[in-house]
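Descriptive structure summary
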Amino acid sequence: MNKTPHYDSYVTILREELIPAMGCTEPIAVALAAAKAREALGLTPERCCVEVSGNIIKNVKAVTVPNTGGMKGLEGSAAAGIAAGRADLELEVLSQVTDSGRAAIRECLESCPIEVVPAGGDRVFYIKITVEAQGHKAFCEIVDFHTNIILIQRDGDILFQAESKTDSGTQQTDRSILSVEEIIQFADCLETADVAEILSRQIAYNTAISSEGLKGGWGAEVGKTLRTVHGNGVVVRAKAAAAAGSDARMSGCEMPVIIVSGSGNQGMTASLPVIEFARDMGAGEDQLFRALAVSNLITIHQKTGIGRLSAFCGATSAGCGAACGIAYLQGGRYDVIAHTIVNTLAICSGMVCDGAKPSCAAKIAAAVDAGLLGYQMYINGGHEFLRGEGILKDSVEATIESVGRLARQGMRQTDREILDIMVGK
């Protein structure tokens, strides 16, 4: 079969997106910036300033930072990066913290005052960590996505800088080339060897943390509760698998996950339900890889118009992506998958993001349930929600665009109100 026009770019997008991270990615990005700033300073910091956008504050406030002994919040994230972070490991910056490292983190919190300052400007994703000691100052600036460092400076010396402060420090493949139709064509013609390494890793990592979450003892035990109450059917297992991974991850589990669109929760939601259905069907590895390519890319396609962080819960996009991957596994192609997307977005596009925390697991379960309902509606009688009903448009691409507009523009004030409520304003 001939390759699609953007075949190589689609493979590259998967490689750029499906990367490992340990812990919720916002506190980990703060820790990464702190580790880079500490490395640039070359001294033990005596003071630290954490300047971040509201969405970073929102997503760090209530989640446990892994390998810190249960710490939460921006101060703990920054101290962890300063005292024990491995800057070269990027989103696994805290994966090598030892007992002595945890002691160093506690000592840093006691000896190095850490000031948190809300960032000005309109950037949704902004982190700047500044550290000072012995009359010297260094900082690291990250914008737009979690590993996108645009500036590292010590005193007056620029150690690293993107081409301009408005550019990405790391250039990524243009996501605007994604379309539902070509994503399905790409999966059909995919030479699975091109993605076997990254998708095998996604399966292994995300399945492992899900299994840990199902053992119980993490968060509110959403995944375990689903299995206990509703049994062992494949639909229940699909929802519970994704929820259980979030149960563990939001509560500080030190196992890595493979993220999608900068989010471990979205990475687990886009993959684990598809894996459960593939196992139930006895699907082969190639078939699973193709379905995961659909799920991941549909998720990324939706998030392109929304942005990395928003008041719009990212589990909605990933639950929709998972349902599309499941539809593909069961023989559905463009017509079925397009209707699955539109039906799903009609059901749960109103779910808000009020930060990373244990209840994310329940939102994930709800999003997967909505995705599966949207799919099942269409394959059982061709039932569909129609153009003009709410925000739905006359095509799947136009509907995805309208949801992106809702999340990116319409929910800006919602985002501010959520943050004000969270911080007690």
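Look up: the structure comes first, before these words.
A brief structural summary. (Residues numbered from 1 in each chain as written. Predicted model: local features only at pLDDT ≥ 70, side-chain atom pairs only at ≥ 80, totals over all residues. Heavy atoms only, no water.)

1. Here's the deal with the sheet that holds strand β4 (residues 126-133)
Across the sheet, six strands lie side by side as β3-β2-β4-β5-β6-β7; this open sheet has mixed pairing. The open sheet terminates on both sides in strands that have one partner only, identified here as β3 (114-118) and β7 (157-161). Each strand of the sheet is rotated relative to its neighbour by a mean of 10°, with strand direction disregarded. Bridge count for strand β2 (residues 47-52) against β3 is five bridges, and the pairing is parallel. Note that in β3 the partner of V52 across the bridge is P118. (Pairing = 2+ DSSP bridges. Helix = DSSP H or I, 4+ residues; strand = E, 2+ residues; numbered from the N terminus. Axes fitted to C-alpha atoms, helices over the stretch in contact; angles between N-to-C directions.)

2. Considerations on empty space enclosed by the protein
Following the criterion strictly, the structure yields one cavity of 30 Å³ or more and no others. Space inside the largest cavity adds up to approximately 340 Å³. Residue assignment for the lining of the largest cavity shows that the elements contributing at least two residues are α2 (25-41), α9 (234-250), α10 (264-281), α12 (314-329) and α14 (360-379). When residues of the lining of the largest cavity are assigned to their parent elements, the largest contribution, three residues, is made by α14. (1 Å grid on protein atoms, 1.4 Å probe; cavity = no way out; pocket = protein on both sides within 12 Å on 5 of 7 lines; lining within 4 Å. Points joined across faces, edges and corners; volume = space filled by probe spheres on them.)

3. With respect to the packing of α9 against α10
In contact at an axis separation of 8 Å, α9 and α10 are set at 150° when each is read in the N-to-C sense. In this view, α9 runs roughly antiparallel relative to α10, as classed from their interaxial angle. When you trace α9 past α10, the crossing you get is right-handed. Facing α9, whose interface residues are V234, V235, R237, A238, A241, A242, G245, S246, R249 and M250, α10 presents G264, N265, M268, T269, L272, P273, E276, F277 and D280. Looking at side-chain class alone, the contact of α9 with α10 contains ten nonpolar, five polar and four charged residues. (Parallel < 35°, antiparallel > 145°, perpendicular 65-115°, else oblique. Left-handed = near helix turned anticlockwise from the far one by under 90°. Contact = heavy atoms within 4.5 Å. Nonpolar A, V, L, I, M, F, W, Y, C, P; charged D, E, K, R; others polar.)

4. A few points about the packing of aromatic side chains
Under the definition given, this model contains two aromatic pairs. Here the aromatic rings of Y7 and F186 are separated by 5.2 Å at their centres, their planes lie at 50°, and the arrangement is tilted. On the criterion of sequence distance, the pair formed by Y7 in helix α1 (residues 7-17) and F186 in helix α6 (residues 180-189) is long-range, its members being 179 residues apart. Take Y7 and F186: they sit in the same class, and that class is buried. Their ring planes at 55° and their centres at 5.3 Å tell us that Y10 and F186 sit as a pair that is tilted. (Phe/Tyr/Trp six-rings, centres within 6.5 Å; stacked < 30°, edge-to-face > 60°. Buried < 20%, exposed > 50% of the residue type's maximum accessible area, 1.4 Å probe, protein only.)

5. A word on a nonpolar patch on the surface
Residues I347, L373 and F385 make up a contiguous nonpolar surface patch of roughly 220 Å² in combined accessible area. When you line up the elements, F385 lands in the loop between α14 and α15 (396-410). Here F385 falls in the partly exposed class, since its relative accessible area comes to 31%. (Patch = residues over 30% accessible without salt bridge, like charges linked within 9 Å, V, L, I, M, F, W, Y side chains within 5 Å. Areas by Shrake-Rupley, 256 points an atom, 1.4 Å probe, with all protein chains shown as cover. Salt bridge = Lys/Arg side-chain N within 4 Å of Asp/Glu carboxyl O.)

6. Observations concerning the layout of surface pockets
The computed volume of the largest pocket comes to approximately 1000 Å³. Around the largest pocket sit 41 residues that line it, and N55, D122, R123, V124 and F125 are the ones nearest its centre. At the level of secondary structure, the elements contributing two or more residues to the lining of the largest pocket comprise α3 (54-60), α11 (285-306), α15 and α16 (412-423). Per-element accounting of the lining of the largest pocket gives the leading share, six residues, to α16. Across the lining of the largest pocket, the residue classes break down as 14 nonpolar, 13 polar and 14 charged.

7. A few points about the state of the cysteines
Each disulfide consists of a covalent bond between the sulfur atoms of two cysteine residues. A complete count under the given rule lists zero disulfides for this structure. The cysteine C49 is free of any disulfide, with C48 supplying the nearest cysteine sulfur at 7.0 Å. (Disulfide = S-S within 2.5 Å.)

8. Considering unusual backbone geometry
Non-glycine residue E90 carries a positive phi angle of around 50°. Structurally, E90 is set in the loop between α4 (73-84) and α5 (99-111). Residue classification places E90 among the partly exposed residues on the basis of a relative accessible area of 42%. For D155, which is not glycine, the phi dihedral falls at a positive 50°.

9. Let's talk about the pattern of salt bridges
For the coordinates displayed, the defined rule picks out 18 salt bridges. Across the pair D144 and R123 runs a salt bridge whose closest N-O atoms are separated by 2.8 Å. A residue pair is termed long-range when its members are at least 10 positions apart, and D144 in the loop between β5 (136-143) and β6 (149-154) and R123 in the loop between β3 and β4 qualify at 21 residues. When its relative accessible area of 33% is taken as the criterion, D144 is described as partly exposed. Owing to a relative accessible area of 30%, R123 belongs among the partly exposed residues under this scheme. With a closest N to O distance of 3.1 Å, D188 and R333 form a salt bridge.

10. A word on helix α7 (residues 196-214)
Since there are 3.6 residues in each turn of an α-helix, residues three or four apart along the chain are aligned in direction. For α7, which comprises 19 residues, the first-to-last C-alpha distance of 27 Å matches the rise-based estimate of 27 Å (1.5 Å per residue) to within 8%. Taken as a whole, α7 has its buried residues at I198, L199, Q202, I203, N206, T207, I209, S210 and G213. The secondary structure elements touched by the buried residues of α7 are α1, α9, β8 (257-258), α10 and α11. (Expected span 1.5 Å × (residues − 1).)

11. Topic: the nonpolar core
Of all hydrophobic cores here, the largest spans 127 residues; its most connected members are I127, I129 and I341. Sequence-distant contacts of I341, that is, excluding residues within four places in its chain, are made with V180, I298, C320, C324, V396 and I400. (Core = buried A, V, L, I, M, F, W, Y, C linked by side-chain atoms within 4.5 Å.)

12. Describing the packing of α1 against α11
Remark: α1 packs on α11, axes separated minimally by 11 Å, with the N-to-C direction vectors making an angle of 80°. Considered as vectors, α1 and α11 are oriented roughly perpendicular to each other. Contact with α1, carried on its side by Y10, I13, L14 and E17, involves A293, N296, L297 and I300 of α11 and no other residues of that element. Considered class by class, the residues forming the contact of α1 with α11 number six nonpolar, one polar and one charged.

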